Structures are given as C-alpha cells and as structure tokens.
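# Reading the structure
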Amino acid sequence: MKADKLSNIIKPLLESLIAIIIGVVIGAVVLKVSGYSPVEAYVALVKGAVGSLYGWSMTLSSATPIILTGLTFAISARTGIFNIGAEGTVYFGAIAAIVFTNMFANPVLGLIGGIIAGILWALPAALLKVYRGVHEVISTIMLNWIAFYTALYLVLGPLANPNDPNKTLEVPASARLPLLMKGSELSLAFIIAIVAAVITYYILWHTVLGFELRASGYNERAAQYGGINPKRAIIWSFVIGGIMSGLAGATEVMGRPPSYAISQGMANIYGYGFDGIGVSLVGRNHPIGIIFSGIFFGALKAGATYMQIDAGVPLEMVKVVQGIIVVAVAVPGLWDLVKKVVRR
C-alpha cells in the first residue's frame, strides 16, 4: 500500500520533470533558430526569477492569483466538470474589493466582498448546468465575455478615478494587505493563497463533502447509486471555485502595489483565470501540486523582463518560449483529464 502511494507521488513528478526538460529544449531550439542565445536567455530567466531576494518576491507575487484560479479549475475537474469561468469571477472579485474597501476601509471586508462576488458570479453557470443541462464550457465562456464588458463599463465609468484616468478608485491605505517584503510586490496575499490551497486539500480529501465531489467526478452514476447527489456536488464545486477566483481578484487589487486599483482596460487583472487552467493541469489538479506549479508559472512571468533586458530577447519571442514550456508541462495533466473523461 505504501509503495503504491509513493508511486502515485513519484510518477507525476517524474512526468512533469521530463515535460519541463522537453519544453526547455524545444524553447532553446526556437531561440537558436531565431538568432538568440538560448544560454543567455535562460540564464537571464533564472536570474530574474530566483537570482535574488527581489526576484523571489516577484515570482511569489506573480504566482499568487494563478494559484487561486488554478484551485477553481482543479475543484471542478475533480467533480467531473470543466469550469473555465474563473476569468470573469476574477474581474468581479477585484471590483467588489474596491467597492467594499472604499465603503468600509477594512481589509477583511474587502476580502469578504471578493468572496461574495465570486460566489454570486459562479452560481449562474452552476444552476444552468444542474437545472437546464447547459454544458459548463458554453455557459462559462459566454459568462466570461459578459463579465469582461460589464466590468469594463464599471472600471471606465462608475469606478473611474477622477484624479487619474488610467485606473479606478484606489483601495484605501487602511484596507491594503501588508507587504511581506518592503519595496516589493509580495504581500499577505501569497499567504492567503497558500492557506486556500491547504484548505482545499483538506476539504477534498478529509471531509464528507470532498468525498462526494470526488466520487461524483469519478463516476456520477455510481455516486448517485451510493446516495450522493451529483447536482449538489456540482453546485458546491462552483461555489468553492467562485470563492477562490473571487479571492484572486480581491487580493490582486488589495495586495499588489503600486496602484492598488484596476488599471484602464483591466490589464492588471486580465488573463489570470485562463492561466489558472494551465497551473491546475501542471499541478495534476491537486491543491498541493498547484502551489508548486503556480510558483513555476510565477517564475516564468518574473523572469520574462530579464530575458528582454539582459539577453535582448523581444517580448514576442519571450512569450513564444514561455508558451512552449507551458504547453509541454501541461500535456501530462491534460492527458490525465482526457483519460478520466473517456473512462466516465
């Protein structure tokens, strides 16, 4: 039994390590063919991500929101559904945090506002799935676009900063999350993300609710035969996922200097929901794995600037290399997900 458990841990780690090596090699070939030095580029990447205390702080701060959105996807995947609605939930979590902190000037209420907004925006897709049979991929894609343009209206309209046209109202100083390292972007938000991942792990593997979620995802008919309500499991997976993505948006504006606001066009909160899908797949849809995969993604983001400055690699090429590495690393997790769907 212990040997099986050890094998279940070592095998995914080896597969992910091999995938990383393959991704790095392919990325090196692309860099070389394009006329850039792979060695200089990767040295700059590592230097920017983990070469200094400041680099580590940037890596961890970049990892924070995508750990939370990765948890959203992982919970749904464990329940047997494909929730890609974290992107829209992040927008409303950030907006709710700005509204609540400007109303109450309290960081706890700001986080609660993000959680409430996350739950409320996650519920429509859950109810459509459970009561109307609407596939969650279709509903969440459509809701993401509704969320984007609604949030954009609020950012450019009611929440616009009268003193700075480039961003919304700021989170008051008294409601901002404290920094873990002075002069960096690393705040208490990272600790919140880690705690959220640990709580998610506990819920999934050490509670009755978690057993119902996983049993429903593994075999819905067998779970129903055993007395589990798959509809309730689906709703709970969306609710918990909404909490995580709502927190991602809230912590990003409350704990990410220097603006402590949503920038014009929502550039500083855009894409985290989609990045979370890759983070979850690399972490094999396991909350603890997502912590490490989130840090890996954060390192890629943090080192990108140094690749441009030190190695002279243009931003477009940096993104190509990042994409190659991410795709290579995500393949094993995606294959696991495909096998689970086929088995069901």
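Residues numbered from 1 in each chain as written. Predicted model: local features only at pLDDT ≥ 70, side-chain atom pairs only at ≥ 80, totals over all residues. Heavy atoms only, no water.

## What about the side chain of Ser237?
Mapped onto the elements, Ser237 comes out in helix H10 (residues 230–254). Accessibility expressed as a relative area gives 0% for Ser237, which makes it buried. Sequence-distant contacts of Ser237, defined by excluding residues within four places in its chain, comprise Ile75, Ser76, Thr79, Ile81 and Leu213. (Helix = DSSP H or I, 4+ residues; strand = E, 2+ residues; numbered from the N terminus. Buried < 20%, exposed > 50% of the residue type's maximum accessible area, 1.4 Å probe, protein only. Contact = heavy atoms within 4.5 Å.)

## With respect to the pattern of salt bridges
The final tally for this structure, using the stated rule, is eight salt bridges. The salt bridge partner of Glu136 is Lys129, with a shortest N-O separation of 2.9 Å. We classify Lys129 as partly exposed; its relative accessible area is 23%. Arg176 is paired through a salt bridge with Glu170; the nearest N and O atoms lie 3.1 Å apart. On the basis of relative accessible area, Glu170 is assigned to the partly exposed category, the value being 30%. Taken together, the shared-partner salt bridges connect Lys167, Glu170 and Arg176 into one network. (Salt bridge = Lys/Arg side-chain N within 4 Å of Asp/Glu carboxyl O.)

## Considerations on the domain arrangement of the protein
Under the domain assignment used here, the protein contains domain 1 (1–36 + 313–343) and domain 2 (47–311). Each of domain 1 and domain 2 was reduced to a C-alpha centroid, and the two centroids are 23 Å apart. Each partner contributes to the interface: domain 1 provides 20 residues, whereas domain 2 provides 17 residues. Counting the surface lost from both domain 1 and domain 2, the interface buries some 1,700 Å², and carbon and sulfur atoms represent 67% of this. The tally of links between domain 1 and domain 2 comes to zero salt bridges. (Domains from an automatic or database assignment. Buried area = accessible area lost by both parts, 1.4 Å probe.)

## Re the layout of surface pockets
Space inside the second largest pocket adds up to approximately 610 Å³. If you go around the second largest pocket, you meet 22 residues; those closest to its centre are Leu300, Lys301, Ala302, Ala304 and Gln322. When contributions to the lining of the second largest pocket are tallied by element, the ones reaching two or more residues are helix H3 (53–78), helix H11 (272–282), helix H12 (287–309) and helix H13 (315–343). Sorting elements by how many residues they give to the lining of the second largest pocket places H12 first, with eight residues. Considered class by class, the residues forming the lining of the second largest pocket number 10 nonpolar, seven polar and five charged. (1 Å grid on protein atoms, 1.4 Å probe; cavity = no way out; pocket = protein on both sides within 12 Å on 5 of 7 lines; lining within 4 Å. Points joined across faces, edges and corners; volume = space filled by probe spheres on them. Nonpolar A, V, L, I, M, F, W, Y, C, P; charged D, E, K, R; others polar.)

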